[in-house]
Amino acid sequence: SVQSCHQDCFCRQKNTNIRLTLPVVCFVWQIAMIILFGVFIRYDEESNTHWVETKAHNNITSDIENDFYFRYPSFQDVHVMIFVGFGFLMTFLKRYSFGAVGFNFLIASFGLQWALLMQGWFHSLDPQTGKIFIGIESLINADFCVAGCLIAYGAVLGKVSPVQLLVMTLFGVTLFAVEEYIILNLLHARDAGGSMVIHTFGGYYGLAISWVLYRPNLHQSKRMQGSVYHSDTFAMIGTLFLWMFWPSFNSAITDHGDGQHRAVINTYLGLASTVLTTVAISSLSQKTGKLDMVHIQNSTLAGGVALGTAAEFMISPYGALIVGFFCGIISTMGYIFISPFLEKTLKIQDTCGIHNLHAMPGVIGGIVGAITAAAASESVYGKQGLINTFDFTGDFKDRTVLTQGGYQAAGMCVSIVFGVVGGAIVGSILKLPIWGDPADENCFDDEVYWEHPSHSGVQQPHDPQASRPVSPFSMLCLTISQKSLVIC
Amino acid sequence: SVQSCHQDCFCRQKNTNIRLTLPVVCFVWQIAMIILFGVFIRYDEESNTHWVETKAHNNITSDIENDFYFRYPSFQDVHVMIFVGFGFLMTFLKRYSFGAVGFNFLIASFGLQWALLMQGWFHSLDPQTGKIFIGIESLINADFCVAGCLIAYGAVLGKVSPVQLLVMTLFGVTLFAVEEYIILNLLHARDAGGSMVIHTFGGYYGLAISWVLYRPNLHQSKRMQGSVYHSDTFAMIGTLFLWMFWPSFNSAITDHGDGQHRAVINTYLGLASTVLTTVAISSLSQKTGKLDMVHIQNSTLAGGVALGTAAEFMISPYGALIVGFFCGIISTMGYIFISPFLEKTLKIQDTCGIHNLHAMPGVIGGIVGAITAAAASESVYGKQGLINTFDFTGDFKDRTVLTQGGYQAAGMCVSIVFGVVGGAIVGSILKLPIWGDPADENCFDDEVYWEHPSHSGVQQPHDPQASRPVSPFSMLCLTISQKSLVIC
Amino acid sequence: SVQSCHQDCFCRQKNTNIRLTLPVVCFVWQIAMIILFGVFIRYDEESNTHWVETKAHNNITSDIENDFYFRYPSFQDVHVMIFVGFGFLMTFLKRYSFGAVGFNFLIASFGLQWALLMQGWFHSLDPQTGKIFIGIESLINADFCVAGCLIAYGAVLGKVSPVQLLVMTLFGVTLFAVEEYIILNLLHARDAGGSMVIHTFGGYYGLAISWVLYRPNLHQSKRMQGSVYHSDTFAMIGTLFLWMFWPSFNSAITDHGDGQHRAVINTYLGLASTVLTTVAISSLSQKTGKLDMVHIQNSTLAGGVALGTAAEFMISPYGALIVGFFCGIISTMGYIFISPFLEKTLKIQDTCGIHNLHAMPGVIGGIVGAITAAAASESVYGKQGLINTFDFTGDFKDRTVLTQGGYQAAGMCVSIVFGVVGGAIVGSILKLPIWGDPADENCFDDEVYWEHPSHSGVQQPHDPQASRPVSPFSMLCLTISQKSLVIC
């Protein structure tokens, strides 16, 4: 066809053949996972057939007290966010839906295995047996860890090869586990929904990588940028599943009881508020008040990001609304003003605008968390409530809320540093000319890494014109009809 | 492009510029929400850090007895129905998918905040503190309340501006909270899944608004009516998520234990039965037995609507099948015979056919509820079961099932009156020429309120024809290719 | 239009008018369901208003101990897999999305009613009352039973009429209930996620039917085979919901407590592993390492199928990874090598490649189950854990794990025999020339059974060319523009 001819003639400046590298990476890494799982990973006591003895030992009378039943619904919501939410949110480009949803699928599937190991080594390695015992909460945490890398994918969407994405995920998960350990365990900061640990880290990690991989001639693939009508509709599937299940995300690993309950209420309200201000700013930004799908698809989610830290705190319902209110404004303005600035001045090309959806709202979330922690009081929380919410037990039983606020702020700085420095280093690795990334003209084009549907052996036997060269005249028709297709 | 030229020349009869009104309404109303939430809304005892004391006081031994765990999975299913279900069900129009899913998103996000306040004032205002205490059940009820307004949106889809939709939602939620209070609290009618409170009210509310906003020249936008292949496929996403999660809708706020269990079984069965009769009537209605996607997308859901009242009753499994059986027939016949009649004779233009999917089945559901309540007996329910199911306690402890049946019927009349009268009044408000609604020629067209993907700065630098005027000859090609696109 | 003209001229070799048969089958069968439900089906004790007495009798203190709360989230996930998962997975064909998702909807809705009866008669008919008592677990089992028939639909997708599909489902559910009774009750094999009972049976049932219905001239509809860009994206919705919720599928009816917990972990890990090896083999199979959407859509799920039997066993996390590893390889190679072989040599036309996704991985799952059962030991499971996992109670309390392994293997043979023999017989019934199946030229075309969107009364009044005959010249343009549409 004309398109593939065009491709053969002009676009083979770079070798995008990944027939060697991709299978080798997939096979070797998967075999490594199997070996490491064999050495380290075991069922925890609630997912082990020996639970019948554990129950007797702990005076648990019923199988329905297994923690499985109180985490699994949230886990499945998070799981949907990771695979359908992130995957479909990125399908908005007119010809990169396969890459969006398919590579998201690939790197999440690898990342969650590696996350179980990395998080296990840092958080739950049993010193006696040298084993990592996993249960439903480990699966949620692995999905969370993967989220950081999928956020980073948003910045480089369409400009990297699947092999680069796998490398990015390998290092991203590793960095994530370390910064998470520092922030949650050493600093003892609270971050249930990961404003800092997931969104701030993931956002700056992706932006730093994109900065290193800057492509000055990316305008050569401008024809492939932007969306078409149905690709925007597909992206709304991702947006909505992220939006609806975000209360589950922010509450999935908070304390049972009032903690989870409150995190859901806060996130639900914050997100609702964000939608209205996003619509308002989007409408204000256009001559006749028309809305921009980019804003609706992305900025409506900023409130959920910004409540990632404080959702479990007693910020009260109107507090959640206020956070959502400002995040909708800031995130949408980010798409209008900051993204162009980042690209022109700082040379950061951010395909999905993760700076506006994750990095900035994540930082806001960290600040909100630090302030609300520092402002927490026994009169609002109750004596025991304060201890429970901030886990002022063990080594931290004498910590004051003011100190806690300071450590929250410190946690945010750690996540930014890990994102920026880690991303810059990983970006340099990804700049090596061995990963099969596409040429500037071929960015945002699924044809580079995917068999095209129309090539897959389907002949149209009743159409004698099909295999003949097209005349200049019919080329004109084709050009026009393609134009109309773009409108479509 | 040709389309926008066409628009510039002919279609600017009405001012659809909402750059002032939409942001102002969004900002002012959201700020009002924040203030009212600050004054009135607080966490309830199960989502408050003081729950640790409440537990001790009530001899609750475990965090897992928090009601959160027994409502949250149903809540999330309902949440998906509101945003993905209703949103995508309305994407069937060939060029109104953005408006369908985007405006649905906007009005639901506003409506749920306003519903928490309105329902709180009417149902759960604490007389001592003057506060409304919210928990997971409040969130479900807010989503329910919003559903009534989204149903009404279906009648006016494509013919109103987002500002009108917000106004419609403001009044819709208000009316809803009042009629709900009358029906559930004063009349003490049972309506777990809202056949009356949600579907009958929402249906007639939307139809009355559409009747007031009648457009005699709507045929001028006939080119935009109807669907294309992929828009119909998108709509099936909405249909299926509504259909699958309807058991959660009808059971989300019923009594714990056997009540929720039974509501799920009845709804599951009723919906399955509806699918078969919908297919049968749809096939009968066409010359060669072909099926019509409009019927499959909508009428298959009628059984769930009609079981909204009786789902928690002991109507027995075959009773649920019978209700579904007739609703599939009636709803599909509604699309074939009643909708054209409503439009021609009663001047009601009902874009999505909500009369067939919500209003009629809702009334049937109310009648089924009244009859089955009146026919309830101690031999079937058991003495305590009867009291539990109909909540014959407190002021109502001497009510008989016959009386209950009468009050159920009275409740249905209240919902119809509130829908028709309320809708007529709100429709008159929406008729004011200040809301930026589209001209008749521009109805069902996303271009009026949405930036079009192909306009968003994407140039095709390698295509010299792109910016030149098209010749009459290539116009012909374009016309034909567009025709083929419609086929597509 | 040109297409319908084409259809009128060439394609009416077969009578595809189902205006009589389809409504008659739907009505008669649905009425039969109502009657049979009236005679046989009742609420079980947990969904009955008498539960208040049952509770008192059994010293159950709280409504939240109703099994509803511990099965319902899994049920809803399975429900989504049945209707959205299977439905959308089959939308990949360029012009059979309506049939894929619509007929899937129809046959699942019928099948689940018939399954409640058939499974009830075989598994839970109360000998005293002659009734079948249903609860949430019955609904899950009915959905499972339907899954077998939807798998079979995948083999004949696009080549049969909806009436044939209903007949196929009627017999499929019947055969399923019998083989399930033999495997689970008589042989006492374990098969929580149905590797044998669902996937092996469903796979071979569909393949045998497709073999009997072999169409030597199917190449005449080759223009309708293959996908277009957006139909492939739609199919990914199905893939992802199947993939994400498969842990719920394999754990939905396992034992409460550690059993469900472990089944989720194993399935989650196995599926992740499958994705990497599927990508590896898919990339290896193409000249420049490009990925094939067919593999990503299907083979990524093979690990879940293969863990259907062993998911609840102590196969340990790395064991699950190993099973997923090999299934990704085998399933993808099946699409590359075995499917063409089956079609050319064995004359089995398998539209969706169910041999690679269900039949083969199902058999692998059966073998894995037999081996891991035979290798189970008290040292790994614990004495009581072994008894619980394999249900060595009652008549089977003296069974050894070795014997159990043998019975597992026997169960797999039973499922294959039922699939092949049952499919061959049902296929012969479906070969009768009375079911309205499409001619070879019309296969894979929604126009045969669905009203086409562009025909539904939409005129374009501003387009004078619309109703005139097209000239040979514009035919050329049309041909070209259609070609470009296929690219689209």
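Values in this document were obtained by computation on a predicted structure and should not be read as measured data.

On to the overall build of chain A. Counting secondary structure elements, chain A contains 18 helices and 2 strands. Radius of gyration (C-alpha) of chain A: 24 Å, near the 23 Å computed for a compact globule of 488 residues. With respect to the principal axes defined by its C-alpha atoms, chain A has extents near 80 × 55 × 40 Å. Among the 488 residues that make up chain A, the fraction classed as buried is 68%. Within chain A, residue pairs in contact and separated by at least 24 positions form 82% of the contacts whose partners lie at least 6 positions apart. On chain A, roughly 15,000 Å² of surface is accessible, and the fraction owed to carbon and sulfur atoms is 64%. Side-chain charges in chain A split into 25 positive and 34 negative, and the spacing between the mean points of these groups amounts to 12 Å.

This paragraph deals with the interface of chain B and chain C. Between chain B and chain C, the contact holds 87 residues from the first and 91 residues from the second. For the pair chain B and chain C, the two sides together bury roughly 7,900 Å², of which 75% comes from carbon and sulfur. At the junction of chain B with chain C, the criterion picks out 0 salt bridges. Counting the contacts that link chain B with chain C gives 27 residue pairs in polar contact (both at pLDDT 80 or more).

Under the definition given, this model contains 87 aromatic pairs over all chains. Between Phe 201 of chain A and Tyr 205 of chain A, the ring centres sit 5.4 Å apart and the planes meet at 15°, which makes this aromatic pair stacked. Taken together, the residues Phe 201 of chain A and Tyr 205 of chain A, both in helix α8 (residues 195-212) and 4 residues apart, mark about one turn of the helix. Exposure remark for Tyr 205 of chain A: the relative accessible area of 0% places this residue in the buried category. For the pair Phe 40 of chain C and Trp 121 of chain C, a centre-to-centre distance of 5.2 Å together with 85° between the ring planes defines the contact as edge-to-face. With Phe 40 of chain C in helix α2 (residues 21-40) and Trp 121 of chain C in helix α5 (residues 97-124), the pair connects residues that are 81 residues apart, well separated along the chain. The class for Phe 40 of chain C is partly exposed, based on a relative accessible area of 21%. An aromatic cluster is defined as three or more aromatic residues linked by ring pairs; in this entry it consists of Phe 68, Tyr 69, Tyr 72 and Phe 75 of chain A together with Phe 70 and Tyr 268 of chain C. One residue, Arg 95 of chain A, lies across the ring of Tyr 229 of chain C, its end atom 4.1 Å from the ring centre.

On the chain C side, the residues contacting the 91 residues of chain A number 87 residues. For the pairing of chain A and chain C, the buried interface totals around 7,900 Å² over both sides, and the portion due to carbon and sulfur atoms is 75%. Joining chain A to chain C, the criterion identifies 0 salt bridges. Here chain A is connected to chain C by 26 residue pairs in polar contact (both at pLDDT 80 or more). A breakdown of the residues in the side of chain A that touches chain C according to their chemical character gives 51 nonpolar, 28 polar and 12 charged.

Between helix α5 (residues 97-124) of chain A and helix α9 (residues 229-251) of chain C, the shortest axis-to-axis distance is 9 Å and the interhelical angle comes to 25°. Relative to α9 of chain C, α5 of chain A is oriented roughly parallel. In the packing of α5 of chain A onto α9 of chain C, the handedness of the crossing is left-handed. On α9 of chain C, the residues that touch Ser 97, Phe 98, Val 101, Phe 105 and Ser 109 of chain A of α5 of chain A are Tyr 229, Asp 232, Thr 233, Met 236, Thr 239, Leu 240 and Trp 243 of chain C.

For Asn 48 of chain B, the position within the fold is in the loop between β1 (41-43) and α3 (51-57). A sequence separation of 87 residues divides Asn 48 of chain B from Gly 135 of chain B, and the C-alpha atoms of the two residues are 9.4 Å apart. Apart from residues no more than four positions distant in its own chain, Asn 48 of chain B is found in contact with Asp 258, Arg 262 and Met 314 of chain A together with Tyr 43 of chain B. Here the side chain of Asn 48 of chain B touches His 50 of chain B through a polar contact of 2.9 Å, landing on its backbone nitrogen.

Attention shifts here to the pattern of salt bridges. All names here are of chain C. Enumeration according to the criterion identifies 25 salt bridges over all chains in this entry. For Arg 190, the salt bridge is made with Asp 255, and the minimal N-O distance between the two is 3.8 Å. Linking Arg 190 in the loop between α7 (162-186) and α8 (195-212) with Asp 255 in the loop between α9 and α10 (258-284), this pair joins segments that are 65 residues apart in sequence. Across the pair Asp 258 and Arg 262 runs a salt bridge whose closest N-O atoms are separated by 2.9 Å. With Asp 258 and Arg 262 both in helix α10 and 4 residues apart, this pair spans about one turn of that helix. For Arg 262, a relative accessible area of 1% translates into the label buried.

Attention now moves to the relation of the copies chain B and chain C. Once chain B is rotated about the relating axis by 120° and shifted along it by 0.0 Å, it coincides with chain C to within an RMSD of 0.0 Å. One copy is carried onto the other by what is essentially a three-fold rotation axis. By residue overlap, the copies meet through two different surfaces: only 14% of the interface positions of chain B are interface positions in chain C.

To continue, consider the relation of the copies chain A and chain C. Under the fitted operation, chain A is carried onto chain C by 0.0 Å of movement along the axis and a turn of 120°, and the coordinates agree to an RMSD of 0.0 Å. The overlap is low: 13% of the interface residues of chain A also sit at the interface in chain C, so different surfaces are used on the two sides.

Counting 477 residues, the largest nonpolar core has Ile 237 and Phe 241 of chain A, Tyr 153, Ile 237 and Phe 241 of chain B together with Ile 237 and Phe 241 of chain C as the members making the most contacts within it. Those residues in contact with Phe 241 of chain B that lie beyond four places of it in its chain are Phe 241 of chain A, Val 80, Met 81 and Val 84 of chain B together with Val 80, Val 84 and Phe 241 of chain C.

So, on to unusual backbone geometry. Here Asp 391 of chain A, not a glycine, exhibits a phi torsion of approximately 55°, which is positive. You can see Asp 391 of chain A is positioned in the loop between α16 (383-390) and α17 (401-430). Take Asp 391 of chain A: its relative accessible area is 28%, and that puts it in the partly exposed class. With a phi close to 65°, Ser 316 of chain B is a non-glycine residue in the positive phi region. Secondary-structure assignment places Ser 316 of chain B in the loop between α12 (302-306) and α13 (317-344).

Right, let's talk about the packing of helix α9 (residues 229-251) of chain A against helix α10 (residues 258-284) of chain A for a bit. Residue and element names in this part refer to chain A. The geometry of α9 relative to α10 is characterised by a closest axis approach of 8 Å and an angle of 145° between their N-to-C directions. Seen along the crossing, α9 lies across α10 with a hand that is right-handed. Contacts between α9 and α10 involve Trp 243, Trp 246, Pro 247, Asn 250 and Ser 251 from the former and Gln 260, Ala 263, Val 264, Thr 267, Tyr 268, Leu 271, Ala 272 and Val 275 from the latter. Split into classes, the residues belonging to the contact of α9 with α10 amount to 9 nonpolar, 4 polar and no charged.

Further remarks concern helix α16 (residues 383-390) of chain B. Residues that lie three or four places apart on an α-helix share one face, since the helix turns once every 3.6 residues. All names here are of chain B. Buried residues of α16: Gly 385, Leu 386, Thr 389 and Phe 390, and no others. Along α16, the residues classed as buried sweep out an arc of 110° about the axis, all on the same side. Backbone geometry just after α16 places Asp 391 at a positive phi near 50°.

What follows is about the environment of Val 39 of chain C. All names here are of chain C. Following the sequence through the fold, Val 39 ends up in helix α2. The exposure class of Val 39 is partly exposed, given its relative accessible area of 41%. With 90 residues separating them along the chain, Val 39 and Thr 129 place their C-alpha atoms 11 Å apart.

Let's shift gears to the side chain of Ser 331 of chain B. All names here are of chain B. Mapped onto the elements of the fold, Ser 331 is located in helix α13. Judged by relative accessible area, Ser 331 falls into the buried class, the value being 0%. Excluding anything up to four places from it in sequence, Ser 331 contacts Ser 299, Ala 302, Asn 356 and Leu 357.

So, about the confidence of the model for chain A. All names here are of chain A. Confidence along chain A averages 90 in pLDDT terms, with 90% of residues attaining 70 or more. Note that pLDDT drops below 50 for residues 1-12; the model gives that stretch 18 contacts with residues more than four away or on any other chain. Counted against residues more than four places away or in other chains, residues 455-488, with its pLDDT under 50, gives 60 contacts.

A few words now on helix α2 (residues 21-40) of chain B. Given a rise of 1.5 Å per residue, 20 residues ought to cover 28 Å, and the 28 Å separating the end C-alpha atoms of α2 of chain B matches this to within 8%. Taken as a whole, α2 of chain B has its buried residues at Leu 22, Pro 23, Val 25, Cys 26, Phe 27, Trp 29, Gln 30, Met 33, Ile 34 and Phe 37 of chain B. Elements in contact with the buried residues of α2 of chain B: α10 and α13 (317-344) of chain A together with β1, α5 (97-124) and α7 (162-186) of chain B.

Quick notes on the rules
In this numbering scheme, every chain counts its residues from 1 along its sequence in written order. Starting at A for chains and at 1 for ligands, labels are handed out in the order in which the entities are written. Two thresholds apply to this predicted model, a pLDDT of at least 70 for residue-level local features and 80 or more for giving and counting side-chain atom pairs, whereas whole-chain, interface and lining totals are computed over all residues. The basis for every side-chain value is the complete set of heavy atoms in the structure, and neither hydrogens nor water enter the calculation. In this description a helix means any DSSP run of H or I spanning at least four residues, a strand means any run of E spanning at least two, and both kinds are numbered starting from the N terminus. Atoms counted for the radius of gyration: C-alpha only. Globule rule: 2.2 Å times the number of residues to the power 0.38. We call a residue buried when its accessible area falls under 20% of the maximum for its residue type, exposed when it is over 50%, and partly exposed in between, using a 1.4 Å probe and counting protein chains only. Residues count as neighbours in contact if any of their non-hydrogen atoms are within 4.5 Å of one another. Every accessible area reported is derived by Shrake-Rupley at a probe size of 1.4 Å, with residue values counting cover from the shown protein chains alone. As used throughout, the charge tally considers Lys and Arg to be positive and Asp and Glu to be negative, leaving His and the chain termini uncounted. Just so you know, the charge point we use is NZ for Lys, CZ for Arg, CG for Asp and CD for Glu. Summed over both partners, the accessible surface that disappears when two parts come together, traced with a 1.4 Å probe, is what is meant by buried area. Should a side-chain nitrogen of Lys or Arg be within 4 Å of a carboxyl oxygen of Asp or Glu, the pair is scored as a salt bridge. Pairing of N or O atoms within 3.5 Å defines a polar contact, subject to two protein rules: one partner must be a possible hydrogen donor and the other a possible acceptor, and residues neighboring in sequence count only if both atoms are side-chain atoms. Only Phe, Tyr and Trp rings are paired, with Trp represented by its six-membered ring, and only when their centres lie within 6.5 Å; those with planes under 30 degrees apart are stacked, over 60 edge-to-face, the remainder tilted. The criterion is that NZ of a Lys, or CZ of an Arg, lies within 6 Å of the ring centre and within 35 degrees of the ring normal, and then a charge sits over that ring. Amino acids are sorted into nonpolar (Ala, Val, Leu, Ile, Met, Phe, Trp, Tyr, Cys and Pro), charged (Asp, Glu, Lys and Arg) and polar (every other residue, Gly among them). To define axes, lines are fitted to C-alpha atoms, for helices over the stretch in contact only, and angles between the resulting N-to-C directions are given on a 0 to 180 degree scale. Our angle categories are set so that under 35 degrees counts as roughly parallel, over 145 as roughly antiparallel, 65 to 115 as roughly perpendicular, and the remainder as oblique. When the near helix sits turned anticlockwise from the far one by under a right angle, the crossing is termed left-handed; a clockwise turn instead gives a right-handed crossing. Alignment of copies: least-squares fit on C-alpha atoms of residues with pLDDT of at least 70 in both copies. For this analysis, a nonpolar core means a set of buried residues of the types Ala, Val, Leu, Ile, Met, Phe, Trp, Tyr and Cys, connected via side-chain atoms within 4.5 Å. By arc we mean the arc of the directions from the helix axis to the C-beta atoms, nothing more. A score between 0 and 100, pLDDT records how confident the predictor is in each residue. Helix span, as expected, comes to 1.5 Å for every residue beyond the first.

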